[in-house]
Number of protein chains: 2
Amino acid sequence: MLTKKGLKEFCADARENYLPHISIDCVVFGFHEGIMKVLVLKVQNEDEWYLPGGFMLKNEPIEMAANRILKERTTLDKIFLQQFNVFGDPERSKEHFDMYKDMLPAKENWFSNRFLTIGYYALVDFFETNPNPDQFAESCEWRGLDDLPDFKLDHALILKTALDTLRLQLNYQPIGYNLMPKEFTMPELQKLYEAILDKKLDRRNFQRRMLGFGILTRSDEPRKGGAHKAPYLYSFDLENYEAALKEGFKGGW
Amino acid sequence: MLTKKGLKEFCADARENYLPHISIDCVVFGFHEGIMKVLVLKVQNEDEWYLPGGFMLKNEPIEMAANRILKERTTLDKIFLQQFNVFGDPERSKEHFDMYKDMLPAKENWFSNRFLTIGYYALVDFFETNPNPDQFAESCEWRGLDDLPDFKLDHALILKTALDTLRLQLNYQPIGYNLMPKEFTMPELQKLYEAILDKKLDRRNFQRRMLGFGILTRSDEPRKGGAHKAPYLYSFDLENYEAALKEGFKGGW
DNA sequence: TACAATTGTGTCATTAATACACTATGATTT
DNA sequence: AAATCATAGTGTATTAATGACACAATTGTA
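Remember, predicted model here, so these are calculated numbers, not experimental data.

Caption draft 1: Structural context of the protein's contact with DNA strand D. If you check the shell around DNA strand D, you find 22 residues, and the closest are Arg203, Arg204 and Tyr232 of chain A together with Arg204 and Arg208 of chain B. For DNA strand D, the fraction of protein-proximal atoms (within 4 Å) that sit in sugar or phosphate groups is 42%. Measuring from a phosphate oxygen of DNA strand D, one finds a side-chain N or O atom of Gln207 of chain A at 3.3 Å. A distance of 2.9 Å separates a base nitrogen of DNA strand D from a polar atom in the side chain of Arg204 of chain B. Where the surface near DNA strand D is concerned, the elements lending two or more residues are helix 7 (203-212) of chain A together with helix 7 (203-212) of chain B. Examining the composition of the surface near DNA strand D, we find that five residues originate from one element, helix 7 of chain B, more than from any other. Of the residues that constitute the surface near DNA strand D, the class distribution is five nonpolar, five polar and twelve charged.

See the structure below:
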């Protein structure tokens, strides 16, 4: 959608339905083949990338807006969302100002306003997610943390802040639960933690501690068909998990 | 400031200078006589209370707006501020809608809009702070966490969320440094932690751990003139403190 | 000068974290 | 069939951190 007519319609529609000056941007984390991935969108005909985002209806709760936006991008309905920061540097809007500035006069152009953006991070099951581009994008795809594109606006900062928050909250939020599939092996879970923390952990100590939390249930049958010794399958005991999270996994005083 | 004329002027001025739909509310923590206190404002002629807050100039960074607002309330210039949440439930604005609704038609009334409010908590030195009411308030004063008034809007929720955040961040933010005066005794610092965490700590273990962080400098001279054994005075070694904070006081993996 | 209140300090037991090595299994190669 | 490779499962010894606990020192007051 890049025609002048389409843009004009979008702007008129936006002015009528959305709260001005406020946007939502989401960092959607998924975990695949031992790598943390993030959902990114590519601008049509440009090597420019951005995070899934959108605007808030005039009478819509913030988190509901984030959910609505992400449902469009992922087809997922109930998504674990965590608000982590508002980005509001007036400079961040300057790049916005320039968007489509040749196609529409500033007065009509929705994008020629200052925007504060509310940052959410989302945790999704990689295998359940079907990435869909939005109307400004050419594509929507997963990119590993080790292979991130150049982002528009302050989206690199937003992503970095989300990741920092994720690391800090690793012990307080059900991060494993939301990122892993229903059943998984201990080495797979360990790889998730290693990917988030970006460091190697000791297999034996990891397993001891994880099991010590009492939030995992071991399946009777190990996973078969792999090329090596069959690993046990685990799943989260959601009840115990949520109880443990209320306290936080780690003490502190 | 409650005259129709004054309100009209305020609204006209606000519409011209502030971003619409966005406000800032601050939970200002101070520590005095062993109790955590919060700065609260009282509505003129009503037993209604609210947190210090305000609006953002159209081209002003968020944190600068929070600083400006708090400078007016506290006379303090460089304040430790931490953004912790945006509150945007459409219901929260309903009470706003009613404000001054008899004095001005909705179209002119700045307050008859939906507002998302960005929550900041601030940590200040109680003794350096001079509370000043804003134009809608009759008074601005400290209230202990054990003696909080009934708040307007969702300000009780904002305060609770700030406090929860403060507890979680106790090991990652220079909370002691900002709340204590330059020099303090170990029992005083312990009382701060006990007030924040709302539980008793063991004197000996607290001291051992605190000193173990290597962020305190013990003054040569103990505090004299007290009614009991003269306690040592400590101050924060800012350099070590900030280095330690980068890591966080506690490990986690 | 005895007492009350408070501060300073040390030790022991328990728990948690770290470092580290061998055995077991299943598929592949020889 | 036996050896090999890759991966998974398990245990123990050392060290560090935490939690529980008791007594001595100082200062003003009764």
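Caption draft 2: Up close: the protein's contact with DNA strand C. Around DNA strand C, the structure places 19 residues, and the nearest of them are Arg204 and Arg208 of chain A together with Arg203, Arg204 and Tyr232 of chain B. The protein-proximal atoms of DNA strand C, defined as those within 4 Å of the protein, are 41% sugar or phosphate. With respect to DNA strand C, the side chain of Arg203 of chain B contributes an N or O atom lying 2.6 Å from a base oxygen. With respect to DNA strand C, the backbone of Tyr232 of chain B contributes an N or O atom lying 2.7 Å from a phosphate oxygen. For the surface near DNA strand C, the secondary-structure elements that each account for two or more residues are helix 7 of chain A together with helix 7 of chain B. Of the residues forming the surface near DNA strand C, the biggest block, four residues, is contributed by helix 7 of chain A. Broken down by class, the residue content of the surface near DNA strand C amounts to four nonpolar, five polar and ten charged.

Caption draft 3: Spotlight on the domain arrangement of chain A. Residue and element names in this part refer to chain A. Parsing chain A into structural domains produces domain 1 (4-171) and domain 2 (183-247). Its C-alpha centre places domain 1 at a distance of 32 Å from the equivalent point of domain 2. Facing seven residues of domain 1, the contacting portion of domain 2 comprises ten residues. Interface area for domain 1 against domain 2, summed over the two sides, is near 780 Å², with a carbon-plus-sulfur share of 74%. The largest per-residue losses of area from domain 1 upon contact with domain 2 belong to Phe31, Arg167 and Leu170, which jointly make up 61% of the total buried on that side. Here domain 1 and domain 2 share zero salt bridges between them. The tally of links from domain 1 across to domain 2 stands at one residue pair in polar contact (both at pLDDT 80 or more). Its residues assigned to classes, the side of domain 1 that touches domain 2 comprises four nonpolar, two polar and one charged.

Caption draft 4: Quick look at the pairing of strand 6 (residues 116-123) of chain B. Residues and elements named next belong to chain B. Counting buried positions over the eight residues of strand 6 gives eight, a clear majority of the element. As judged from the eight bridges shared by strand 1 (residues 18-32) and strand 6, these two strands associate in the parallel manner. Paired with Ile22 across the bridge in strand 6 is Leu116. Sheet analysis places strand 5 (residues 80-87) next to strand 6, joined by seven bridges and oriented antiparallel. The residue of strand 6 that forms the bridge with Phe87 is Thr117.

Conventions adopted
Residues numbered from 1 in each chain as written. Chains lettered and ligands numbered in written order. Predicted model: local features only at pLDDT ≥ 70, side-chain atom pairs only at ≥ 80, totals over all residues. Heavy atoms only, no water. Near = heavy atom within 4 Å. Polar contact = N/O pair within 3.5 Å; in protein donor to acceptor, adjacent residues only side chain to side chain. Helix = DSSP H or I, 4+ residues; strand = E, 2+ residues; numbered from the N terminus. Nonpolar A, V, L, I, M, F, W, Y, C, P; charged D, E, K, R; others polar. Domains from an automatic or database assignment. Contact = heavy atoms within 4.5 Å. Buried area = accessible area lost by both parts, 1.4 Å probe. Salt bridge = Lys/Arg side-chain N within 4 Å of Asp/Glu carboxyl O. Buried < 20%, exposed > 50% of the residue type's maximum accessible area, 1.4 Å probe, protein only. Pairing = 2+ DSSP bridges.

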